[in-house]
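# Analysis of the macromolecular model
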Amino acid sequence: MSKIIFLDVDGTLVDYDNTLPESAKLAIQKARANGHLVYACTGRSKAEMPDYILNIGLDGMIGGNGAYVEHDGKVIMHQMLSAKDVREIVDWLHERQLEFYIESNNGLFASENFREVARPVMKKYALKKGKKLEEVKDQEVEDVLHGVVFGGELYRDDVNKISFVLNSYEDHEASKQAFAHLKAGTWGGVGETALFGDLGVKDITKAHAIDILLDHLHASKIDTIAFGDAKVDIPMLEYCQVGVAMGNGGEEIKAMADFITDAVEDDGLAHAFEKLGLI
């Protein structure tokens, strides 16, 4: 029976240095040759997906943590923030002097001082993901955020979500109050550290997007397998028939997964594909 496989990207398909293990690439290609469907299911927008990932030969992707669904080059669903919401969020972030980037399938559009403010925060993010101090010494924001654009238009109508640097956790709490009709979250590394806040369309999750895709495919979730490493992936693993946590994942997702494979850099994806009989 053919399976439908959903792969988180950061910390699952690629390591925290954006390196795609050759074993993962080959495992995906073999699984697809065996008749299985494989999708990226990620917080990234399409602009953040470099060619070396897209060129693996995936069947499609779910992006923006569930805001965007694509199968075989066709857009199945895309729920974006309204232009009014984007304008109000941008103005609110400017008023609070919070630097941010707007996540769109056409690029990541950074605020005026984002590079300077985010540089040390991105280094902290990388350290929490297991990098060594020497490795991040000269790291720039664009080394972490593929597709980032500086100096672009910020009032946009093509926005999946907006991420912003937190000066304190209070900024996240304030965003929940200011935009109660939207989905407010945080992210930032191992242990779900809150380094960034984000705002997106309410009731959007990876699980909801998978449901939309399965309906389009006339497929059943009994044939689904999900892989992830973080708290945001838990709804996806709960929804799918089999949920696999990466060895480098957080304790919460490991506790609820059906099984735990090796870390991404230790060929965890390929080992799990073998264990599940996909290859």
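Every residue gets a number counted from 1 within its own chain, in the order that chain's sequence is written. Selection of residues for local features in this predicted model requires a pLDDT of at least 70, selection of side-chain atom pairs for listing and counting requires 80 or more, and totals for whole chains, interfaces and linings are taken over all residues. Excluded from the side-chain calculation are hydrogens and water; included are all heavy atoms of the structure.

Take a side-chain nitrogen of Lys or Arg and a carboxyl oxygen of Asp or Glu: if they are within 4 Å of each other, that pair is a salt bridge. Inspection of every chain in the model, using the stated rule, returns 15 salt bridges. With a shortest N-O distance of 3.4 Å, K176 and E173 are connected by a salt bridge. Of this pair, K176 and E173 both sit in helix α7 (residues 169-178), three residues apart, which is roughly one turn of that helix. Exposure categories follow from relative accessible area, calculated using a 1.4 Å probe and restricted to protein chains: below 20% of the type maximum is buried, above 50% is exposed, and the middle band is partly exposed. By relative accessible area, E173 is classed as partly exposed at 27%. Each member of the salt-bridge network shares a partner with another, and the members are D8, K206 and D233. Put simply, DSSP marks the helices as runs of H or I at least four residues long and the strands as runs of E at least two long, and each gets a number from the N terminus on.

Turning to the sheet that holds strand β14 (residues 259-260), a few remarks are in order. Paired through backbone hydrogen bonds, the strands of a sheet run either parallel or antiparallel to each other. One open sheet holds the eight strands; their spatial order is β5-β4-β3-β2-β1-β12-β13-β14, and the pairing between them is mixed. Each having just a single partner strand, β5 (74-78) and β14 make up the two edges of the open sheet. We call two strands paired when DSSP finds no fewer than two bridges between them. Note: strand β12 (residues 224-228) against strand β13 (residues 242-245), four bridges, orientation parallel. The residue bridging G228 from the neighbouring strand is A245, located in β13.

What follows is about helix α8 (residues 206-217). A helix's residues, less one, multiplied by 1.5 Å, set its expected span. The end-to-end C-alpha distance of α8, which contains twelve residues, comes to 16 Å, matching closely the 16 Å that a straight helix rising 1.5 Å per residue would cover. Within the sequence span of α8, burial applies to K206, A207, A209, I210, L213 and L214. Seen end-on, α8 carries its buried residues on one side only, within an arc spanning 155°. After α8 finishes, the residue H218 shows a positive phi value of roughly 55°. Note that the arc is defined by the directions from the helix axis to the C-beta atoms.

In this section: the packing of aromatic side chains. Geometry of an aromatic ring pair is reported as the spacing of the ring centres plus the angle between the planes. Paired rings are identified among Phe, Tyr and Trp, the last through its six-membered ring, by centres lying within 6.5 Å, and are further divided according to the angle between planes into stacked (under 30 degrees), edge-to-face (over 60) and tilted (the rest). This structure, assessed with the given rule, holds seven aromatic pairs. Each ring, one from W92 and one from F164, has its centre 6.4 Å from the other, and the planes form 80°; the classification is edge-to-face. Placement of the pair is W92 in helix α3 (residues 83-95) and F164 in strand β9 (residues 159-165), with a sequence separation of 72 residues. With respect to burial, W92 and F164 carry one shared label: buried. Relative to W187, the ring of Y125 has its centre 5.5 Å away and its plane inclined at 85°; by these criteria the two rings are edge-to-face. Remark: W187 occurs in strand β10 (residues 182-187) and Y125 occurs in helix α4 (residues 114-128); sequence separation between them is 62 residues.

It is worth spelling out the sheet that holds strand β11 (residues 196-201) at this point. As summarised here, the arrangement of the six strands in space is β8-β7-β6-β9-β11-β10, forming an open sheet in which the pairing is mixed. Of all the strands in the sheet, just β8 (148-150) and β10 have a single pairing partner and so form its edges. Looking at each pair of strands side by side, their axes are set apart by 25° on average, direction ignored. Where strand β6 (residues 100-104) and strand β7 (residues 107-110) come together, four bridges link them in antiparallel fashion. Counted as the bridge partner of E103 is L108 from β7. What makes two residues a contact is simply this: any of their non-hydrogen atoms within 4.5 Å. Axis angles are defined between N-to-C directions and span 0 to 180 degrees, where every axis is a line fitted to C-alpha atoms and, for a helix, only to the segment in contact. Against the sheet, α7 engages β9, β10 and β11, with an angle of about 170° to β10.

Where the parts come together, the accessible area they lose is often given as the size of the interface. Those domain boundaries reflect an automatic or database domain assignment. Domain assignment breaks the protein into domain 1 (4-79 + 205-276) and domain 2 (83-200). Between the C-alpha centres of domain 1 and domain 2 there is a distance of 23 Å. With 19 residues of domain 1 in contact, the opposing surface of domain 2 contributes 17 residues. Values labelled buried area give the accessible surface lost by two parts on being combined, using a 1.4 Å probe and summing over both. Interface area lost by domain 1 to domain 2 is led by Y16, A47 and E48, which between them contribute 35%.

This part takes up the packing of helix α1 (residues 22-33) against helix α11 (residues 268-275). Pairs of packed helices are described in terms of their axes, by the angle between the two and the distance that separates them. For the pair α1 and α11, interaxial distance at closest approach is 7 Å and the crossing angle is 30°. On the basis of the axis angle, α1 is roughly parallel to α11. Here α1 and α11 pass one another in a crossing that is left-handed. In this structure, α1 uses S23, A24, A27, I28 and A31 to contact α11, whose residues at the interface are L269, A270 and F273. For the contact of α1 with α11, the per-class residue count stands at seven nonpolar, one polar and no charged. Should an angle fall under 35 degrees it is taken as roughly parallel, and over 145 as roughly antiparallel, whereas 65 to 115 is taken as roughly perpendicular and any remaining angle as oblique. Two helices crossing with the near one rotated counterclockwise from the far one by less than a right angle form a left-handed crossing, whereas a clockwise rotation gives a right-handed crossing. Amino acid classes used here: Ala, Val, Leu, Ile, Met, Phe, Trp, Tyr, Cys and Pro are nonpolar; Asp, Glu, Lys and Arg are charged; the rest, including Gly, are polar.

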